[in-house]
Amino acid sequence: MSRLRELPEAHDDANDDEMEVKQLEPDFQSLAKSLDVPDELPVQWPHQITRSLQLQVEDNVVLKDSWGADFCRCTVDCYRNICPNASGPLFCASDNCSLMGKCSNSVYETKDVELFYAKTGVGVRATDTILVGSTIAPYTGLLTDHDYFNDPVQHDAAIKRKKGKQLFIDAEHWGTIARFINHSCDPNTEFIEMRHNREVQVMVIATRPILRGDEVTIDYGEDLWFNCGCESGICRGGNTFSRVSVAKA
């Protein structure tokens, strides 16, 4: 589905880690239908989208250097519940990690997921058990201050910052498997913005165990522009918004 999510401002306010979706146009439902494959078979990565872990930043977008780079001193792995970087929240790299950033708190895309044809179009499912706190992938693309709310041609996947300067991550042309994660009112992942010096990454993190074959889902936000079919016990349905109402939200 098409998605425009809010990117939280990077400081200690816990509410800033909440991501909200506000977008209209359909995303990959038509792509999924055109593939014409059985539900149980994986879907190949679309050729028109470059798979990349890199978050590119436009030249006119400057992020504050608000985080330190002290070594975490972890010895086995940088687990989310014990690594001081992960609780920062900072992601590990070669200059702030005793494991040189080769750890569970670095920027990576798990190999334990795949694309498949879900009920709502192309989605993401687990190919092995994913534990609580595990990284699914960063949400990458182009970090830009382009105003997608007032753009007559909105891109199919973008994250919007909630506070401060309005920023978006545009994943139209490249990104990770995170851009295909479908909505659920009872999701098993969440967005967490993580920083390192002037770098920023918006990570998708598992909030409960995800078993093999389970779909990976995330909450698109309070105002849904579609009729939700997640069938969870707390499903809140959905609404349809015009572009004008979204722009004023």
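Preceding this paragraph is the structure being described.
A brief structural summary. These numbers were taken from a predicted model, which means no experiment stands behind them.

**Regarding the overall build of the protein chain**
Alright, step 1. Secondary structure summary: the protein chain contains two helices and 14 strands in total.
Alright, step 2. Here the protein chain holds 249 residues, and the buried ones make up 51% of them.
Alright, step 3. Taking all contacts inside the protein chain whose residues are at least 6 apart in sequence as the whole, residues at least 24 apart take part in 69%.

**Regarding the side chain of Asp 170**
Alright, step 1. Inspection of the secondary structure puts Asp 170 in strand S9 (residues 168-170).
Alright, step 2. For Asp 170, which is buried and forms no salt bridge, the nearest opposite charge comes from Arg 179, at a distance of 6.6 Å.

**Let's talk about the sheet that holds strand S11 (residues 182-183)**
Alright, step 1. The mixed open sheet is built from four strands, whose spatial order is S4-S5-S14-S11. Only two strands of the sheet have a single partner each, and these edge strands are strand S4 (113-118) and S11.

**Remarks on the sheet that holds strand S6 (residues 135-138)**
Alright, step 1. In spatial order, the strands read S6-S13-S12; together these three strands make up an open sheet with antiparallel pairing. Every interior strand has two partners, whereas the edge strands, S6 and strand S12 (189-196), have only one. Strand-to-strand twist across the sheet, computed as the mean angle between neighbouring axes with direction ignored, equals 30°.
Alright, step 2. Taken together, the eight bridges between S12 and strand S13 (residues 199-206) define a ladder with antiparallel strand orientation. Following the sheet pairing, Glu 193 is matched in S13 by Val 202.

**What to know about the nonpolar core**
Alright, step 1. In this structure, Val 124, Leu 143 and Ile 181 are the most contacted members of the largest nonpolar core, which totals 36 residues.
Alright, step 2. For this core, the secondary-structure elements that each account for two or more residues are S4, strand S5 (121-126), S6, S13 and strand S14 (215-218).
Alright, step 3. In terms of residues, this core owes the most to one element, S13, which gives four residues.
Alright, step 4. Judged by nonpolar contacts, the second largest core, of eight residues, contains Cys 83, Ala 86, Cys 92 and Cys 97.

**Let's talk about the state of the cysteines**
Alright, step 1. One pass over the structure, following the stated rule, counts zero disulfides.
Alright, step 2. In this structure Cys 74 is not part of a disulfide, and its nearest cysteine sulfur, from Cys 72, lies 3.8 Å away.
Alright, step 3. Relative accessible area serves as the criterion here: at 9%, Cys 74 is assigned to the buried category.

**Description of unusual backbone geometry**
Alright, step 1. For the peptide bond that leads from Gly 88 to Pro 89, omega is 0°, which places it in the cis range.
Alright, step 2. Topologically, Pro 89 is positioned in the loop between strand S3 (56-57) and S4.
Alright, step 3. Even without being glycine, Arg 73 reaches a positive phi, approximately 70°.
Alright, step 4. When you line up the elements, Arg 73 lands in the loop between S3 and S4.

**Describing the packing of aromatic side chains**
Alright, step 1. Applying the stated criterion to the full structure yields two aromatic pairs.
Alright, step 2. Geometrically, the ring pair formed by Trp 45 and Phe 180 is edge-to-face, given 5.2 Å between the ring centres and 80° between the ring planes. With Trp 45 in the loop between helix H1 (29-35) and strand S2 (50-51) and Phe 180 in the loop between strand S10 (174-175) and S11, this residue pair connects regions lying 135 residues apart in the sequence.
Alright, step 3. Here the aromatic rings of Tyr 139 and Phe 191 are separated by 6.3 Å at their centres, their planes lie at 75°, and the arrangement is edge-to-face. Of this pair, Tyr 139 sits in the loop between S6 and strand S7 (142-144) while Phe 191 sits in strand S12, and the two are 52 residues apart along the sequence. Phe 191 shares its class with Tyr 139; the two are buried.
Alright, step 4. Sitting above the plane of the Phe 180 ring, Arg 179 keeps its charged end 5.1 Å from the centroid.

**Topic: the pattern of salt bridges**
Alright, step 1. Counted by the stated rule, this structure contains six salt bridges.
Alright, step 2. Salt-bridge contacts for Arg 51 lead to Glu 109; the nearest nitrogen and oxygen are separated by 2.5 Å. Taken together, the positions of Arg 51 in strand S2 and Glu 109 in the loop between S3 and S4 put the pair 58 residues apart, joining distant regions of the chain.
Alright, step 3. A relative accessible area of 44% places Arg 51 in the partly exposed class.
Alright, step 4. By relative accessible area, which is 17% here, Glu 109 ends up buried.
Alright, step 5. For Asp 186, the salt bridge is made with Arg 208, and the minimal N-O distance between the two is 3.4 Å.

Conventions we followed
Residues numbered from 1 in each chain as written. Predicted model: local features only at pLDDT ≥ 70, side-chain atom pairs only at ≥ 80, totals over all residues. Heavy atoms only, no water. Helix = DSSP H or I, 4+ residues; strand = E, 2+ residues; numbered from the N terminus. Buried < 20%, exposed > 50% of the residue type's maximum accessible area, 1.4 Å probe, protein only. Contact = heavy atoms within 4.5 Å. Lys, Arg positive; Asp, Glu negative; His and termini not counted. Salt bridge = Lys/Arg side-chain N within 4 Å of Asp/Glu carboxyl O. Pairing = 2+ DSSP bridges. Axes fitted to C-alpha atoms, helices over the stretch in contact; angles between N-to-C directions. Core = buried A, V, L, I, M, F, W, Y, C linked by side-chain atoms within 4.5 Å. Disulfide = S-S within 2.5 Å. Phe/Tyr/Trp six-rings, centres within 6.5 Å; stacked < 30°, edge-to-face > 60°. Lys NZ or Arg CZ within 6 Å of the ring centre and 35° of its normal.

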